[in-house]
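Fold and geometry: a report
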2 protein chains.
Amino acid sequence: MIKLIAMYRPPSDPAAFDEHYDSIHTPLVRKIPGLKKLEVTRMVGTPDRKAPAYYLMAQMYFENNDAFKAAMTSPENKAAGKDLMGFAGDIAEFLIGESEEDG
Amino acid sequence: MIKLIAMYRPPSDPAAFDEHYDSIHTPLVRKIPGLKKLEVTRMVGTPDRKAPAYYLMAQMYFENNDAFKAAMTSPENKAAGKDLMGFAGDIAEFLIGESEEDG
């Protein structure tokens, strides 16, 4: 599976971030064509009890490279990206990764 | 689900990293008690074609907080952690997160 990973550093106003993320941004992400799975991780700490470097991570999974490319160029992805830049453009970092999992 | 996330910045010798990671480190991680899922992501790029900030991410999932705490204090986790510090202590960052997914 290939995925887009969005990593958000801690927002200045976490409550406002959460509100926008949950009620506006995530519904836009769910519309991206070919999205097989969305996994949202909220950071709660680190093993050495330091402040986490990131606040939230979203992983958007696609079946293969063709589906990923089609998704990235879709109007729905552009809409989600535009929304993201408006509320979190200054704290977001992106990665593209290939994952394997085992139980 | 609660998980330990290990993020590795790009190693100076990727081939040596991969060899140790796959043949030595991952088998140690798989022994950690209560591990429900291990997902390993290898970074292949970024949307804007910059070099990815991270090389690899491992996500270790546990059923709940009690299972997580038991795992973190286990001899098997200590062995995996000791191994990690030896081959990647200078490039690894850790997060603890809670995740939700939907298909």
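You'll find the structure just up there.
This is a predicted model, so every value here is computed, not measured.

Residue and element names in this part refer to chain A. When you line up the elements, D83 lands in helix 3 (residues 75-88). Despite its burial, D83 remains without a salt bridge, the nearest opposite charge being carried by K82 at 9.6 Å. Separated by 2.8 Å, the side chains of D83 and H25 make a polar contact. Setting aside its immediate chain neighbours within four residues, D83 contacts H20, I24, H25 and L28.

Before going further, it helps to spend a moment on the environment of M72(A). All names here are of chain A. Relative to the helices and strands, M72 resides in helix 2 (residues 65-72). Taking the C-alpha atoms as reference points, M72 and D90, 18 residues apart in sequence, are found 20 Å from one another. Leaving out residues up to four positions away in the same chain, M72 has contacts with L4, F62, N77 and K78.

For the rest of this paragraph, the subject is the packing of helix 1 (residues 14-30) of chain B against helix 3 (residues 75-88) of chain B. Residue and element names in this part refer to chain B. Two numbers describe how helix 1 lies on helix 3: the axes approach to 9 Å, and their chain directions differ by 170 degrees. Considering their axes alone, helix 1 and helix 3 lie roughly antiparallel with respect to each other. For the pair helix 1 and helix 3, the contacting residues are F17, H20, Y21, I24, H25, L28 and V29 in the first and E76, A79, A80, D83, L84, F87 and A88 in the second. Among the residues making up the contact of helix 1 with helix 3, the classes are represented as 10 nonpolar, 2 polar and 2 charged.

With that settled, consider the pairing of strand 1 (residues 2-8) of chain B. Residue and element names in this part refer to chain B. Within strand 1, 7 of the 7 residues are buried, leaving the element largely enclosed by the surrounding structure. The alternating pattern of strand 1 places I2, L4, A6 and Y8 and K3, I5 and M7 on opposite faces, both of which are buried. The pairing of strand 1 with strand 3 (residues 56-62) spans 7 bridges and is classified as antiparallel. Pairing of A6 across the sheet is with A58, part of strand 3.

So, about the packing of aromatic side chains. When we look at a pair of aromatic rings, we describe it by the centre distance and by the angle of the planes. Overall, the coordinates contain 13 aromatic pairs over all chains when judged by the stated rule. Consider the rings of Y54(A) and Y54(B), whose centres lie 6.5 Å apart with planes at 70 degrees: the pair is edge-to-face. With Y54(A) in the loop between strand 2 (37-45) and strand 3 (56-62) and Y54(B) in the loop between strand 2 (37-45) and strand 3, this residue pair bridges two chains. Both rings, one in F17(B) and one in Y55(B), keep their centres 5.5 Å apart while their planes meet at 90 degrees; by these two values the pair is edge-to-face. Taken together, the residues F17(B) in helix 1 and Y55(B) in the loop between strand 2 and strand 3 connect sequence positions 38 residues apart. Three or more aromatic residues link up through ring pairs in this structure, and these residues are Y8(A), F17(A), Y21(A), Y55(A) and F87(A).

Every contact between the two is made by 34 residues of chain A and, on the other side, 34 residues of chain B. Across the chain A to chain B interface the summed buried area is about 2800 Å²; carbon plus sulfur atoms make up 53%. Along the contact surface separating chain A from chain B lie 2 salt bridges. Inspection of the chain A/chain B interface yields 16 residue pairs in polar contact (both at pLDDT 80 or more). Those elements giving two or more residues to the side of chain A that touches chain B turn out to be strand 1 (2-8), strand 2, strand 3 and strand 4 (92-102) of chain A. Broken down by class, the residue content of the side of chain A that touches chain B amounts to 17 nonpolar, 7 polar and 10 charged.

This brings us to the pattern of salt bridges. A full pass over the atoms with the stated rule returns 14 salt bridges over all chains. Between D18(A) and R42(A) there is a salt bridge whose closest N-O contact spans 3.4 Å. With D18(A) in helix 1 (residues 14-30) and R42(A) in strand 2, this residue pair connects regions lying 24 residues apart in the sequence. The partly exposed category is assigned to D18(A), whose relative accessible area is 22%. The shortest N-O distance in the salt bridge between K36(B) and E63(B) comes to 3.1 Å. Of this pair, K36(B) sits in the loop between helix 1 and strand 2 while E63(B) sits in the loop between strand 3 and helix 2 (65-72), placing them 27 residues apart in sequence. By relative accessible area, K36(B) is classed as partly exposed at 41%. Each of K3(A), K37(B) and E39(B) takes part in salt bridges that share partners, so that together they form one network.

Criteria and cut-off values
- Residues numbered from 1 in each chain as written.
- Chains lettered and ligands numbered in written order.
- Predicted model: local features only at pLDDT ≥ 70, side-chain atom pairs only at ≥ 80, totals over all residues.
- Heavy atoms only, no water.
- Helix = DSSP H or I, 4+ residues; strand = E, 2+ residues; numbered from the N terminus.
- Buried < 20%, exposed > 50% of the residue type's maximum accessible area, 1.4 Å probe, protein only.
- Lys, Arg positive; Asp, Glu negative; His and termini not counted.
- Salt bridge = Lys/Arg side-chain N within 4 Å of Asp/Glu carboxyl O.
- Polar contact = N/O pair within 3.5 Å; in protein donor to acceptor, adjacent residues only side chain to side chain.
- Contact = heavy atoms within 4.5 Å.
- Axes fitted to C-alpha atoms, helices over the stretch in contact; angles between N-to-C directions.
- Parallel < 35°, antiparallel > 145°, perpendicular 65-115°, else oblique.
- Nonpolar A, V, L, I, M, F, W, Y, C, P; charged D, E, K, R; others polar.
- Pairing = 2+ DSSP bridges.
- Phe/Tyr/Trp six-rings, centres within 6.5 Å; stacked < 30°, edge-to-face > 60°.
- Buried area = accessible area lost by both parts, 1.4 Å probe.

These results come straight from atomic positions and should not be treated as a statement about function.
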